[in-house]
Amino acid sequence: MIQYSNQRLRIKPVTQDDYLQVSELFSNEQVMRYALIDCLQTDAERLVFFTQMMQQKTATGLQWIAFSVFENTAEQLFVGLADFELSPYGEVGGLAEIGYFISPEHWGKGYASEICQMLFGICFKQYHAHKVYAACNAENKASEKVMIKAGMQKEAELRQHRLKNGNWHNELRYSILESEFKSQYPIS
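Residues numbered from 1 in each chain as written. Predicted model: local features only at pLDDT ≥ 70, side-chain atom pairs only at ≥ 80, totals over all residues. Heavy atoms only, no water.

**Q** Sorry if this is basic, but what is going on with the pairing of strand β3 (residues 63-71) here?
**A** Both faces of the sheet carry side chains from a regular strand, because those side chains alternate between them. With eight of nine residues buried, β3 is to be regarded as a mostly interior element. Here strand β2 (residues 9-13) runs beside β3; their pairing, made up of five bridges, is antiparallel. Counterpart to R10 in the pairing with β3 is F70. Summarising the sheet, β3 and strand β4 (residues 78-88) pair through eight bridges and their orientation is antiparallel. Looking at β4, one finds that V69 is bridged to G80. Taking the residues between adjacent antiparallel strands as the criterion, β3 and β4 are bridged by six residues, where Q76 takes a positive phi near 50 degrees. (Buried < 20%, exposed > 50% of the residue type's maximum accessible area, 1.4 Å probe, protein only. Helix = DSSP H or I, 4+ residues; strand = E, 2+ residues; numbered from the N terminus. Pairing = 2+ DSSP bridges.)

**Q** Explain the pattern of salt bridges to me, please; I cannot follow it from the model alone.
**A** Oppositely charged side chains can form a pair if their charged atoms are brought close together. If you walk through the whole model with that rule in mind, you get 11 salt bridges. Here K164 makes a salt bridge to D38, at a shortest N to O gap of 3.5 Å. You can see K164 sitting in strand β7 (residues 153-164) and its partner D38 sitting in the loop between α2 (29-32) and α3 (43-54), a full 126 residues away along the chain. Of the charged contacts in the structure, one is a salt bridge between E144 and K141, with a shortest N-O distance of 3.8 Å. Highlighted residues: E144 and K141, both in helix α5 (residues 141-149), separated by three residues, approximately one helical turn. By relative accessible area, K141 is classed as partly exposed at 48%. A network of salt bridges, in which partner residues are shared, links R162, E171 and R173. (Salt bridge = Lys/Arg side-chain N within 4 Å of Asp/Glu carboxyl O.)

**Q** Would you mind going over the packing of aromatic side chains with me for this structure?
**A** Between two aromatic rings, the relevant description is the distance of the centres plus the angle of the planes. Throughout the structure, instances matching the rule amount to 10 aromatic pairs. Ring plane angle 50 degrees and centroid distance 4.7 Å describe the contact between F26 and F101, whose orientation is recorded as tilted. Taken as a pair, F26 in helix α1 (residues 19-26) and F101 in strand β5 (residues 94-102) lie far apart in primary sequence, 75 residues in all. Looking at F26, the relative accessible area reads 3%, which means it is buried. When the centroid spacing of 5.3 Å and the interplanar angle of 70 degrees are considered together, the rings of F84 and Y127 count as edge-to-face. Of this pair, F84 sits in strand β4 while Y127 sits in the loop between α4 (111-126) and β6 (131-137), and the two are 43 residues apart along the sequence. (Phe/Tyr/Trp six-rings, centres within 6.5 Å; stacked < 30°, edge-to-face > 60°.)

**Q** Is there a simple way to explain the sheet that holds strand β1 (residues 4-5) in this structure?
**A** Two pairing modes exist for strands in a sheet, parallel and antiparallel, and in both the strands are linked by backbone hydrogen bonds. Overall, mixed pairing links the eight strands, which are arranged β1-β2-β3-β4-β5-β6-β8-β7 in an open sheet. Looking along the sheet, the strands with just one partner apiece sit at the ends: β1 and β7. Two strands pair when backbone bridges link them, and β1 and β2 are joined in this way by two bridges, in the antiparallel orientation. Residue pairing in the sheet places Y4 in a bridge with I11 of β2.

**Q** I tried to follow the packing of α1 against α3 on my own but got confused; where do I start?
**A** The angle between the axes and the distance between the axes are what describe a pair of packed helices. It is at 10 Å that the axes of α1 and α3 come closest, and there the two elements cross at 120 degrees. By the angle class used here, α1 and α3 are oblique. Here α1 runs over α3; the crossing is right-handed. Packed against α1, whose contacting residues are Y19, V22, S23 and F26, the element α3 presents D43, R46, L47, F49, F50 and M53 at the interface. Taken together, the residues that form the contact of α1 with α3 break down as seven nonpolar, one polar and two charged. (Axes fitted to C-alpha atoms, helices over the stretch in contact; angles between N-to-C directions. Parallel < 35°, antiparallel > 145°, perpendicular 65-115°, else oblique. Left-handed = near helix turned anticlockwise from the far one by under 90°. Contact = heavy atoms within 4.5 Å. Nonpolar A, V, L, I, M, F, W, Y, C, P; charged D, E, K, R; others polar.)

Below, the structure is given as structure tokens:
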């Protein structure tokens, strides 16, 4: 199994063994407060979501790659989930939208921006993306800080673009181009 790591974190493709941890994450109200999808309340909802994740396809047919994230220590504590959806455009690359969901006990440790950087490497090196982008609810200032810290630039604020709990919210979009990634994080 392919794994990626840095000094503090290790990520690996999601497997059936990760179901309970991922299920707890997506049923946590704090974690899902600003997420595009609502909190998954029932076992049935979580199982459908997890099954779709394991099939590596979104509901619209895009390639969806998800990773479980662990501390790179002897304890290997579960930190959260990282993922990306790939829209390929043949030999000229493609677009990848990344996401990250961190367990509250690991908030404020800088893990999310490190996860973004690891995802950049995977998307640019392995999948030959042209651009990697991320989006968040405009009220989610912590996620916006993560994107900035990871080296992404603001592209837009989309007005009333996200429907969450019956209310429309603005969405922020940040991105990094392959050329910017290469200058910030030279590819070895």
